[in-house]
Amino acid sequence: KTGIILALDVTDEENAIRVTEAVADMVDAVKIGYPLVLGTGLQIVSKLSRYAPIIADFKVADIPNTDRLICEHVFKAGCAAIIVQGFTGPDSLAECVKTANEFGGKVFVVSEMSHPGGDYFFTDEISKEIAALAKKSGAFGIVAPATRPERVKELRAVIGADLKIISPGVGAQGGSAADTIKAGADWVIVGRSIYNAADPKAEAEKVKSEIEKLI
Ligand code: BMP
């Protein structure tokens, strides 16, 4: 385990494969989302999953039936996990977890977002409620902001040791990998600072050694 998930928000196949190939040994998973899937199609999953498990970041937020239809596509395409919103409530979340379980897949629930406006609606109380709901629903983990390590720590206290925390916001958004892991995250999610680097592998190595120093 390296503790790093690559956020692959490039929009074409050539770059997607080039970056993934370069850093495959350095990351535990690759997170893809609308930028890459709308740019290339869902078949990109089978091309990338040779290198690493794929997390589909579609922030699913709909009624249970629509959630199920989305989750089915994602897991049939070969994704290992999906990221969903929690504010849609317990029934939507339960349907995502149920569908994921049918495919042996995992669900991560967004509990609070990392950008400056990310705590405008996701206040401390609401984030904690969403994290608690994620735990109750049987989700595999939550998404918590590396830009606010103190929030990662608080959310860890809510979910306990059973659920995993994946944290975006390291690098381009100003968060520190070491501080985020110290606060209780299992993985940091890193995008632009790796895929836009002249040498993505060297950049991933830097993050990896920053995390290794903590052990
Ligand atoms: P970057 O390292 O380039 O900032 O990328 C972060 C990735 O994590 C992006 O794919 C972004 O959509 C996602 N993300 C985030 O930055 N903050 C959140 O709260 C939730 C996210 O999924």
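If you're wondering where the values come from, they're calculated on a predicted model, not measured in any experiment. (Residues numbered from 1 in each chain as written. Predicted model: local features only at pLDDT ≥ 70, side-chain atom pairs only at ≥ 80, totals over all residues. Heavy atoms only, no water.)

Caption draft 1: View of the site of the ligand. What surrounds the ligand is a group of 14 residues, the closest being D9, K31, S114, Q173 and R192. In this structure, an oxygen atom belonging to the ligand sits 3.1 Å away from a side-chain N or O atom of D57. Between the ligand and K59, the relevant distance is 2.8 Å, taken from an oxygen atom to a side-chain nitrogen or oxygen of the residue. In isolation the ligand has 470 Å² of accessible area, and contact with the protein removes 88% of it. The pocket occupied by the ligand, as judged from atoms lying within 2 Å of grid points, is the largest pocket. (Near = heavy atom within 4 Å. Polar contact = N/O pair within 3.5 Å; in protein donor to acceptor, adjacent residues only side chain to side chain. Areas by Shrake-Rupley, 256 points an atom, 1.4 Å probe, with all protein chains shown as cover. 1 Å grid on protein atoms, 1.4 Å probe; cavity = no way out; pocket = protein on both sides within 12 Å on 5 of 7 lines; lining within 4 Å. Sits in = over half its atoms within 2 Å of the grid points.)

Caption draft 2: How the structure looks around the pattern of salt bridges. All told, the structure shown has 16 salt bridges when counted by the stated rule. Between D124 and R151 there is a salt bridge, with the nearest N and O atoms lying 3.4 Å from each other. With D124 in helix α6 (residues 124-137) and R151 in helix α7 (residues 149-159), this pair connects stretches of sequence that are 27 residues apart. Taking the shortest distance from any N to any O, the salt bridge between K182 and D179 comes out at 3.8 Å. Placement of both K182 and D179 in helix α8 (residues 177-182) is noted, with a separation of 3 residues, approximately one turn of the helix. (Salt bridge = Lys/Arg side-chain N within 4 Å of Asp/Glu carboxyl O. Helix = DSSP H or I, 4+ residues; strand = E, 2+ residues; numbered from the N terminus.)

Caption draft 3: Just the nonpolar core, in detail. L8, I32, I82, V107, I142 and V188 are the most contacted members of the largest nonpolar core, which totals 59 residues. Residues within four places of V188 in sequence aside, it is in contact with G3, I4, I5, S167, V170, A177, T180, I181, V207 and I211. (Core = buried A, V, L, I, M, F, W, Y, C linked by side-chain atoms within 4.5 Å. Buried < 20%, exposed > 50% of the residue type's maximum accessible area, 1.4 Å probe, protein only. Contact = heavy atoms within 4.5 Å.)

Scope: geometric values only; no functional claims are made or implied.
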